[in-house]
Amino acid sequence: MLGLPDMIHACLFDLDGVLTDTASVHRAAWAAAFDPVLADHGQGEFTEQDYDDYVDGKPRLDGVRDFLTSRGIDLPEGNDDDKADAQTVHGVGRRKNEDVLQRIKRDGVRVFPGSRRYLEAAVEAGLRRVVVSSSANTADVLEVTGLAQFIEDRVDGVTIAQTGMPGKPAPDSFLAGAERAGVAASRACVFEDATAGVQAGRSGGFGFVVGVNRLDDAHRQALLAHGADIVVDDLADLL
C-alpha cells in the first residue's frame, strides 16, 4: 500500500522539500545571506545549483563553509554570539536563519498534499515515523503545519548541535532516527529530496531510500546517482 519493501517498519522523513515546501524558502534566504559576501569578493550571485550542490540538506554552518570553499572565499569562523551582519561563518549562518524565520512567519509554510496523505497512510499501516532534518526550526515547522500529530519523534539541527554528531551526508542523524524508532537501519526507509540526504541513507545501510524530486530530470538523475532506490515526484506516487 505504501510502495515499500515488506521488511520496512519505520519511515525516516526529511522535512524541507519532502513534507513541506520550505526548500524554496531556504533557497531564497541562503541567496540573501550569501549575495552580499559574493559581491564583496567580486563574484556572481548564489544560484539554485549552488544550493543543490553545497547547501541543501546540510547543517547550517556546514552549508556556509562548503559553499564559501567552493568559491574560494575564506571567512573567519567566528562564534555563536556573532550578529547577523558579522562577516564570519557564524554571522552568515545567523543572517540566513533570521531571514528564513521571518519568511516563514510572514508567508507560512505549505505542506505538500501528497505528503500529508502519505503520513496518514503510514499511521494507518502502523509504521514508525520520525523526521530527520538538518533544520534547527523543525519543531516549529511541524507545529505550525499541523504535521506534529503524525510524527513520533525527530532528530534535527538542535539534536545535531547538542550531540556534535556530523550532519548529512554522514548517516549519523538517520541512524539516530532509526534508533529512536526502535528499528535496525535495514528495516527503515529514508525519504530525501537532497543528494546529501540520499547519500546518507545509502551509506548508512538503510533498507530502502526514496528520492523525492521537486526539480527537474537532472536532479532526478543526481538522486539516483547518489544511491536512491527509487525517485518519485511526490510521496503520493508511492500510494
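The paragraphs below set out a description of the structure included in this document. (Residues numbered from 1 in each chain as written. Predicted model: local features only at pLDDT ≥ 70, side-chain atom pairs only at ≥ 80, totals over all residues. Heavy atoms only, no water.)

Focus on the environment of M165
Among the structural elements, M165 can be located in the loop between α7 (157-163) and α8 (172-181). On the accessibility criterion, M165 (16% relative accessible area) is buried. A sequence separation of 11 residues divides M165 from A176, and the C-alpha atoms of the two residues are 9.6 Å apart. Sequence-distant contacts of M165, that is, excluding residues within four places in its chain, are made with T159, I160, D172, S173 and A176. (Helix = DSSP H or I, 4+ residues; strand = E, 2+ residues; numbered from the N terminus. Buried < 20%, exposed > 50% of the residue type's maximum accessible area, 1.4 Å probe, protein only. Contact = heavy atoms within 4.5 Å.)

Some remarks on the packing of aromatic side chains
Scanning all chains against the criterion turns up nine aromatic pairs. A centroid spacing of 6.4 Å and a plane angle of 80° characterise the contact between F13 and Y118, whose relative ring orientation is edge-to-face. Here F13, found in strand β1 (residues 10-13), pairs with Y118, found in helix α5 (residues 113-125); they are 105 residues apart in sequence, far enough to count as distant. For the pair F13 and Y118, a shared accessibility class is recorded, and that class is buried. An aromatic cluster is built from W30, F34, F46, Y54 and F67, whose rings are joined through pairwise contacts. Sitting above the plane of the F112 ring, R214 keeps its charged end 3.5 Å from the centroid. (Phe/Tyr/Trp six-rings, centres within 6.5 Å; stacked < 30°, edge-to-face > 60°. Lys NZ or Arg CZ within 6 Å of the ring centre and 35° of its normal.)

So, to be careful, I would describe these as geometric facts and stop short of saying anything about function.
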